Amino acid sequence: RQSMAARYWTSLLLFCIMVDASHAEGAAREPHPGRRVPGAQPEPVEYPDRHPLQRWMVAAHVEKQMTGKAVGWARELPKMFMAPTKDAALVKRAEYFDAYLHAPQRAPATAKRLAAEGAAPAAQRARRSSAPPNLADHNLERRGPRPGEGRAGPGRSRTFERTAPVSVASPPLLPPRRARAQPTGWCSTRS
C-alpha cells in the first residue's frame, strides 16, 4: 500500500505530465486580453501545525480589465492554495495563472459579429411581418386541434364517450351486531 504522500506525489506527477502534453499540442494559445497577473506575488507561508498535506499556503493575485466607463485594472479576490511542500504550492499557483489567463473568451455581441462577417445591414434584410399580407387567403376558421386530435396536457389525449350511469346493486343489509353474536364454546365471554 502507498502512503498518502506517495499517492499525492504520483498524482501530481501524472497531472504535470498531462499538462505538459496539452501545452505541447496547444502551444499557440493566446492569453485573454482583459486578464493579467501582476508581477509581485506573495511568497508561500509554512504552517507547521496544519495537516501535512496542507502545510504550505500561497496566495494568487490576478487582475482583470474594468468594463464600461471605468478605466484601469481591478484586482480580484486572492485565491489560496495549500500543498505539502513549497514547490507543490508554487506549481498549483502557476497552473491557476495559466488557466486564468487562457480562459475561453465570450463571443462578441450579435450585431458586432454580423458586422464582422459582412452581413447585410438591417435595412436590406427581409423583415418579419406581424400579419399575413392578405387575411382572406388564410382559413381562419381552421385554428386549433382538428376533430379527433387532442391537445397536450393531462387528460386531453383521450376522449371518452358518455354512457348511461351504471346502477350498482346495494349490498345486502346485515342484522344488528348484537343479534349476530352467538356465544360458542370456550371463546365465549359469558359464563
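Residues numbered from 1 in each chain as written. Predicted model: local features only at pLDDT ≥ 70, side-chain atom pairs only at ≥ 80, totals over all residues. Heavy atoms only, no water.

### Focus on the overall build of the protein chain
Along its length, the protein chain carries four helices and six strands. Overall, the protein chain shows an N-to-C arrangement of helices and strands of α-β-β-β-β-β-β-α-α-α. About 16800 Å² of surface is accessible on the protein chain, with carbon and sulfur atoms providing 56% of the total. (Helix = DSSP H or I, 4+ residues; strand = E, 2+ residues; numbered from the N terminus. Areas by Shrake-Rupley, 256 points an atom, 1.4 Å probe, with all protein chains shown as cover.)

### A few points about the sheet that holds strand β2 (residues 45–46)
The strand order across the open sheet built from three strands is β2-β3-β6, with neighbouring strands paired in antiparallel fashion. If you trace the sheet from one side to the other, it starts and ends with β2 and β6 (79–83), each paired once. Of the strand pairs in this sheet, β2 and strand β3 (residues 56–60) are connected by two bridges, and their pairing is antiparallel. Looking at β3, one finds that Glu 46 is bridged to Trp 56. Running at roughly 25° to β3, helix α2 (residues 86–101) makes contact with β3 and β6 of the sheet. (Pairing = 2+ DSSP bridges. Contact = heavy atoms within 4.5 Å. Axes fitted to C-alpha atoms, helices over the stretch in contact; angles between N-to-C directions.)

### Quick notes on α2
The first and last C-alpha atoms of α2 sit 23 Å apart over 16 residues, in line with the 22 Å expected at 1.5 Å per residue. Taken together, the buried positions of α2 are Ala 88, Ala 89, Arg 93, Tyr 96, Phe 97, Tyr 100 and Leu 101. (Expected span 1.5 Å × (residues − 1). Buried < 20%, exposed > 50% of the residue type's maximum accessible area, 1.4 Å probe, protein only.)

### Structural notes on the pairing of β3
The element β3 is largely enclosed, with a buried count of five among its five residues. The two faces of β3 match: Trp 56, Val 58 and Ala 60 on one face and Met 57 and Ala 59 on the other face are all buried.

### Points about the side chain of Arg 93
Its place among the elements puts Arg 93 in helix α2. No salt bridge is formed by the buried Arg 93. Its closest oppositely charged neighbour is Glu 43, at 5.7 Å. When residues no more than four places from it in sequence are discounted, the contact partners of Arg 93 are Gln 41, Pro 42, Val 58, Ala 59, Ala 60 and Phe 81. (Lys, Arg positive; Asp, Glu negative; His and termini not counted. Salt bridge = Lys/Arg side-chain N within 4 Å of Asp/Glu carboxyl O.)

### Thoughts on the environment of Arg 55
Its place among the elements puts Arg 55 in the loop between β2 and β3. Separated by 34 residues in the primary sequence, Arg 55 and Ala 89 have C-alpha atoms spaced 9.5 Å apart. Not counting residues within four places of it along the chain, the set of residues in contact with Arg 55 comprises Val 45, Glu 46, Tyr 47, Pro 48, Arg 50, Ala 83 and Pro 84. Reaching out from Arg 55, the side chain makes a polar contact with the backbone oxygen of Arg 50 at a distance of 3.5 Å. (Polar contact = N/O pair within 3.5 Å; in protein donor to acceptor, adjacent residues only side chain to side chain.)

### Quick look at the sheet that holds strand β5 (residues 73–75)
Taken together, three strands build an open sheet; the order of strands is β1-β4-β5 and the sheet is antiparallel. Only two strands of the sheet have a single partner each, and these edge strands are β1 (35–36) and β5. Strand direction decides the pairing type here: strand β4 (residues 63–65) and β5, joined by three bridges, are antiparallel. Following the sheet pairing, Glu 63 is matched in β5 by Arg 75.

### A word on the pattern of salt bridges
Within this structure, the stated rule accounts for two salt bridges. Here Glu 63 and Arg 36 are joined by a salt bridge, their closest N and O atoms 2.7 Å apart. Of this pair, Glu 63 sits in strand β4 while Arg 36 sits in strand β1, placing them 27 residues apart in sequence. Accessibility expressed as a relative area gives 14% for Glu 63, which makes it buried. We classify Arg 36 as partly exposed; its relative accessible area is 35%. Where Lys 64 meets Glu 76, a salt bridge forms, and the shortest distance between an N and an O atom there is 4.0 Å.

### Here we look at the packing of aromatic side chains
Under the counting rule described, the total for this entry stands at three aromatic pairs. Look at Tyr 96 and Phe 97: their rings are 6.2 Å apart centre to centre, the planes differ by 45°, and that puts the pair in the tilted class. The residues Tyr 96 and Phe 97 share a single accessibility class, namely buried. Between the aromatic rings of Tyr 96 and Tyr 100, the centroid separation amounts to 6.0 Å while the plane-to-plane angle is 35°, which identifies the pairing as tilted. One end of the pair, Tyr 96, and the other, Tyr 100, are both in helix α2, four residues apart, so they sit about a helical turn from each other. Its relative accessible area of 18% is what places Tyr 96 among the buried residues. (Phe/Tyr/Trp six-rings, centres within 6.5 Å; stacked < 30°, edge-to-face > 60°.)

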